[in-house]
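Summary of structural features
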Amino acid sequence: GLGESGGQWAEMAQTTGRKLIHSVSVAEFDQLKGNTLTVKHPPFSFAAYSDDDLVNACMPDGGHLFEEDWSYLLLRDVPEAEVPILYGLAYFRNKRDAQLRRGADQKAMLILCHGPHFNVVAPLLKAALLQYQDQGDASAPETLLDSLNAALQVKPTLSLWSQEFSLALPLFPARDEFGGVSLIDLVKTFKIDTMRLWAGLLLGRRILFVGQPAHKVCNACLACPLLVAPIKGFTDIITPYVALTNLGPLLEAKTYICGATNMLFETKPQWFDMLGSFSKGAVVADGYNLRSSEKRFIKSVMAGVDDGRGEAWTRQQFRQYTRRFLLQAQEGKLNKKQEKAMEEFVTGPLFQTWDTSSRRDSVPKDMPSEMTTLEALAQLKNSDLSALESSRLFRAFSTTLVDVTTIDEVIDQGGVGVAAASLTASSAQVRKYAVNSLASLALSVNGQIAILTAQAIPKIVDLLDDVMPNVVQAAVTCLHKIATLYLGARLLAEEGAHRKLPSVLARCGDRALQMIAVRTLVQLWRFFPDMPPEQPEVVMAEVAQSQDRQYTMQLLLLLDLWDMDTAHLVPRKPAESCPLSSHLSALADPRSDQRLQALCFLLQDLVASPPKLLELIHAGGLKLVFACANPHLPAPEPLTSPGLLSPTLSSRKLFGTRKQSLGESSFKSFLGSSDSSDHRRGSRSRGHSLGDAPVLVEHPDRSCVSAGCEDVVASGPLACAAYAVLALAADSHAGAAILLQLKAVEQAMLSADAWGKADASVVDSSLKLHIVRFLEVCAQQRALAPQLLSVGWPTRLARAATSGPSRCPCQHLAASALRALRHLSRSPGVTASHLQEVRAAFSTFTDASPPLQQSSPKRPATPASTIAEGEFEAASSDAVSVEGSSP
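Residues numbered from 1 in each chain as written. Predicted model: local features only at pLDDT ≥ 70, side-chain atom pairs only at ≥ 80, totals over all residues. Heavy atoms only, no water.

1. Some remarks on the overall build of the chain
- If you tally the helices and strands in the chain, you get 41 helices and 14 strands.
- Put simply, the chain has 887 residues, and 59% of those count as buried.
- When contacts within the chain are restricted to residue pairs at least 6 apart in sequence, long-range pairs at least 24 apart make up 75% of them.
- Total accessible area computed for the chain in this model is approximately 35,000 Å², and 51% of it derives from carbon and sulfur atoms. (Helix = DSSP H or I, 4+ residues; strand = E, 2+ residues; numbered from the N terminus. Buried < 20%, exposed > 50% of the residue type's maximum accessible area, 1.4 Å probe, protein only. Contact = heavy atoms within 4.5 Å. Areas by Shrake-Rupley, 256 points an atom, 1.4 Å probe, with all protein chains shown as cover.)

2. Considerations on the sheet that holds strand β5 (residues 104-113)
- Across the sheet, five strands lie side by side as β2-β1-β5-β4-β3; this open sheet has antiparallel pairing. Two strands in the sheet have a free side with no partner beyond their single neighbour: β2 (34-41) and β3 (68-78). Across the sheet, the mean angle separating the axes of adjacent strands is 20° when strand polarity is ignored.
- Both strand β4 (residues 83-96) and β5 contribute to a ladder of ten bridges, which runs antiparallel. Residue pairing across strands places Phe92 opposite Ala108, the latter belonging to β5.
- Sheet strands touched by helix α3 (residues 118-134): β1 (21-30), β2, β3, β4 and β5. Its angle to β4, the strand with the most contacts, is close to 45°.
- The sheet strands contacting helix α4 (residues 140-151) are β1, β2 and β5, and the helix crosses β1 at an angle near 160°. (Pairing = 2+ DSSP bridges. Axes fitted to C-alpha atoms, helices over the stretch in contact; angles between N-to-C directions.)

3. Side note on the pairing of strand β7 (residues 163-166)
- As defined by bridge partners, strand β6 (residues 157-160) adjoins β7 across four bridges and the pair is classed as antiparallel. Across the sheet, residue Leu160 finds its bridge partner in β7, namely Gln163.
- In this structure, the hairpin formed by β6 and β7 is closed by a connection of two residues, where Trp161 is found at a positive phi of approximately 55°.

4. Some details on unusual backbone geometry
- His41 connects to Pro42 through a cis peptide bond whose omega is -10°.
- Here Pro42 is to be found in the loop between β2 and α2 (51-58).
- Residues Ala229 and Pro230 are joined by a peptide bond in cis, for which omega reads 20°.
- For Pro230, the location among the structural elements is in the loop between α7 (214-223) and β9 (238-239).

5. Looking at the nonpolar core
- If you look at the biggest cluster of nonpolar residues, it comprises 268 residues, and the most contacted ones within it are Ile111, Trp198, Leu208, Phe209, Ile451, Ile460 and Phe774.
- For this core, the element with the highest residue contribution is helix α33 (residues 716-730), accounting for 13 residues.
- Not counting chain neighbours up to four residues away, the residues in contact with Ile460 comprise Leu423, Val435, Leu438, Ile451, Ala475, Cys478 and Leu479. (Core = buried A, V, L, I, M, F, W, Y, C linked by side-chain atoms within 4.5 Å.)

6. Observations concerning the pairing of β4
- In terms of residue burial, β4 counts as a mostly covered element, since eleven of its 14 residues are buried.
- The loop that links β3 with its antiparallel partner β4 comprises four residues; one of these, Glu82, has a positive phi angle of about 60°.

7. A closer look at the sheet that holds strand β12 (residues 282-285)
- Strand order across the open sheet formed by five strands is β9-β10-β8-β11-β12, with mixed pairing between neighbours. Single-partner strands in this sheet number two, and they are β9 and β12.
- Direction of pairing for strand β8 (residues 206-210) relative to strand β11 (residues 274-277): parallel, over a ladder of four bridges. The residue bridging Ile207 from the neighbouring strand is Met274, located in β11.

8. Notes on the side chain of Asp176
- With respect to the secondary-structure elements, Asp176 resides in the loop between β7 and α5 (183-190).
- A distance of 2.7 Å separates a polar atom in the side chain of Asp176 from the backbone nitrogen of Gly233.
- Polar side-chain contacts of Asp176 include one of 2.5 Å to the side chain of Thr235.
- Discounting chain neighbours no more than four positions away, the residues touching Asp176 are Pro225, Ile231, Lys232, Gly233, Phe234 and Thr235. (Polar contact = N/O pair within 3.5 Å; in protein donor to acceptor, adjacent residues only side chain to side chain.)

9. Points about the side chain of Gln317
- Summarising the element assignment, Gln317 is placed in helix α10 (residues 311-330).
- In this structure Gln317 comes out as buried when scored by relative accessible area, which is 1%.
- When neighbours within four sequence positions are excluded, Gln317 is seen to be in contact with Phe297, Val301, Val402, Asp403 and Val404.

10. Some words on the environment of Cys628
- Looking at the element boundaries, Cys628 is found in helix α30 (residues 621-629).
- By relative accessible area, Cys628 is classed as buried at 3%.

11. Regarding helix α34 (residues 733-742)
- Within α34 the residues assigned to the buried category are Ala734, Gly735, Ala736, Ile738 and Leu739.
- Trailing α34 by a residue or two, Lys743 shows a phi angle of about 55°, which is positive.

12. Here we look at the environment of Ala744
- Within the secondary structure, Ala744 is located in helix α35 (residues 744-755).
- A residue is classified by how much of its surface remains accessible, and Ala744, at 1% relative accessible area, is buried.
- Considering only alpha carbons, one finds Ala744 and Ala629, 115 residues apart in sequence, at a separation of 9.4 Å.
- Setting aside residues up to four positions removed in sequence, Ala744 forms contacts with Phe626, Leu739 and Phe774.

13. Re the state of the cysteines
- With the rule as written, the count across this model stands at zero disulfides.
- With no disulfide partner, Cys258 has as its closest neighbouring cysteine sulfur the one in Cys221, 6.7 Å distant.
- Under the relative-accessibility criterion, Cys258 is labelled buried at 0%. (Disulfide = S-S within 2.5 Å.)

14. Looking at the pattern of salt bridges
- Scanning the model with the defined rule gives 23 salt bridges in all.
- Note that Glu344 is salt-bridged to Arg205, the shortest N-O span being 3.2 Å. With Glu344 in helix α12 (residues 343-346) and Arg205 in the loop between α6 (194-202) and β8, this residue pair connects regions lying 139 residues apart in the sequence.
- For Arg206, the salt bridge goes to Asp273, with nearest N and O atoms at 3.0 Å. (Salt bridge = Lys/Arg side-chain N within 4 Å of Asp/Glu carboxyl O.)

15. Some details on the packing of helix α21 (residues 469-482) against helix α24 (residues 511-527)
- Packing of α21 against α24 brings their axes to within 9 Å, and their N-to-C directions diverge by 35°. Read as a crossing pair, α21 and α24 show a hand that is left-handed. Listed contacts from α24 to Val472, Gln473, Val476, Thr477, Leu479 and His480 of α21 are Leu513, Ile516, Ala517, Arg519, Thr520 and Gln523.
- Taken together, the residues of the contact of α21 with α24 break down into six nonpolar, five polar and one charged. (Left-handed = near helix turned anticlockwise from the far one by under 90°. Nonpolar A, V, L, I, M, F, W, Y, C, P; charged D, E, K, R; others polar.)

16. Section: the environment of Ala48
- As for its placement among the helices and strands, Ala48 is situated in the loop between β2 and α2.
- Sequence-wise, Ala48 and Glu80 are 32 residues apart; in three dimensions their C-alpha atoms are separated by 9.9 Å.
- Apart from the residues lying within four places of it in its own chain, the contact partners of Ala48 are Asp53, Arg76 and Asp77.

17. What about the confidence of the model for the chain?
- Predicted confidence across the chain gives a mean pLDDT of 77, with 76% of residues reaching 70 or more.
- Within the chain, the element-level pLDDT minimum falls on strand β13 (residues 645-648), averaging 33, and the maximum on strand β10 (residues 256-260), averaging 97.
- Across residues 363-371, confidence stays below pLDDT 50; counting only partners more than four residues off in sequence or on other chains, it has six contacts.
- Across residues 633-714 the pLDDT falls below 50, and counting only partners more than four positions away or on other chains, this stretch makes 267 contacts in the model. (pLDDT = per-residue confidence, 0-100.)

18. Some points on the packing of α3 against α4
- As a packed pair, α3 and α4 sit with axes 9 Å apart at the nearest point and diverge in direction by 150°. When the axis of α3 is compared with that of α4, the two are roughly antiparallel. Between α3 and α4 lies a crossing whose hand is right-handed. Taking contact as the criterion, the partners of Val121, Leu124, Leu125, Ala128, Gln131 and Tyr132 in α3 are, on α4, Ala140, Pro141, Leu144 and Leu148.
- Considering only residue class, the contact of α3 with α4 consists of nine nonpolar, one polar and no charged. (Parallel < 35°, antiparallel > 145°, perpendicular 65-115°, else oblique.)

Quick look at the structure:
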């Protein structure tokens, strides 16, 4: 704390003449001069960093889309400051002002420190810029610098501008750790792909993060070293923000961790080895395949994060996982695949440095908790225990189930069976601790499978009616984890969990428990959308009473899955305070590059928070998105950068649908039957996979639409991004209703008709793919599928895609079209003539398309309750984590 360290800072200042805060500066945007550094207190200059470098880092690309943003700087090689590194934090503010030519007053304030205490100086920095920008206080930078340096030497708080600020900070923070950084945010963004980053860090790869806003990208860079602790030494290669005006950190380094907010960086694969794309929510990396053990570990961590485990817990899991790997490498116990994949690391300087230090200090600092847990488990296996003894042992057992490694070992020792046997105990305390133990064990995928094998689901579902609220809470938490597996969700539906969970919403006043319950319901209906709604009046009443926006949006998401109108229920906010307002404003911008940037950031937001889709729909955002894809609008300006990428998002990523590989044989089998029972009201469970994962499709034509064709084909990159958003919207009941009003299907077909009329230089093949994928989602919606049949979509698509010089440009387009044809063949309104048209279109595709990968025959559906224990391991390969990626 500062009480002790403040005096030490004072002593250091007297000895070295150096204080914690180096300087405070102000950056501004001027219409004529551009970005300029107008204030530097005290004056300074660095040979390695010009004022332009600093100001461009303070005012990140795309900042005009946000009311405020933060960027981070690590300035190395600054002998002028007499330190090896300076840590910088910049607060950017975009103050709307209609009287200004640009429509806003854009300023940023930069503080440079001798320590990475970003979380301590951030509130002060924000207050100082507000004082400077709103109150016209030109002395604010000087006041901040002098007051902060003075206060750090004598007291743990600072009163400034009528506010009280805490100054608690460690004197010497751990190396590669930065104040206020969140590893949880990194894991939530990249999910399973987080393990690719783990491997890339150890192997010394060039890792680039691209996305918006800047503070999220910077956080990802600064949180990366936490993945591989106790390995150290990454501070020297981190550049949290890279501007286009200074590419040195990317082009001059053999290994780096960098961040950028300009989408152009994604078009330069020669600049990076691994790309952490926020718009995709994925890490693009060639040459490294995740092992099953890595997948199991990260799924367990994701489950713990979802369960409310904190930042410290998440960091500890990665530290333990990395340490276990390091010890295996040190003792030569890696398997052959691990040795081959990680040979570069094991023979490199990072491992050699750790190996030397670990042998020098071989005594562990912390006693492991596994022995206590396993001892409690061994005693619980004694069937002669009294209720009091069982309660005491289960409490000790459940409270020590914290670390993923401990949980996996307990599962191997039969811990699930021991806990499941006590779910029907007469003692409420025993039931509570037993189901709590199962909820902790369910963090692991192995634990979830073990719970299914132990046939514990019926007992857990029965506990939803328990008289003890804490027993109900533990049961709901456990079921929520089980519902992330397809087999688990199926068994929950068979046991009637979906009928009992709505009553939990009504009778429980615990918001955390209600949130878990409604998310479990959402998961069940994503897998099985044909189930009838259960107690919708309860959900509607909860929406009416809720004051919690996050809880309300989850309830609305459930109602939308039930195909119920939610337009009158969406919480209304003033336009200027809506989280999506900046995106919506940018979508109306006449400049196409601004609209494209806004669409990419909008997609990023929808990936991170699916409930925002309903907000976008009911705020009228789809009309703006549709305008970006509408070819009858005046042609937008050509993009200044021809290599832009447009995000193609997978609804599996958003909605957790099952991945599907459609071959010709499987498609023909579907054509043999016109059974429409599978058709959407929601075929999300069967998966309209829009690709394996959200991918960025490069525009190979390197141009927008040729002159003279603007009336039939929209600008390629802009339309691609727009159709990606429309595809997400079409997967919801509310979105389908709006698209029906906009006649979006007819408009997409007009663009498809243009393919056969234009030559190859005009037609952007990626635009074809985005439109077909949009129509593929429409083919699964009851409200939209009839439109596809009425406008003769099968024949028109086949004619457009197989005519001219650009016939069937890629296997992805053909596969997407075939999936759409399959869904249309099962539409409730399909007729014999429609089926004949679909068959004819399919024949055209199979003649013109590259051969498709044959899908393996599917196992017949089997009730989950009848699956034997030995089949669960194989069955788990079909399992899907709704909030993550498939195994």
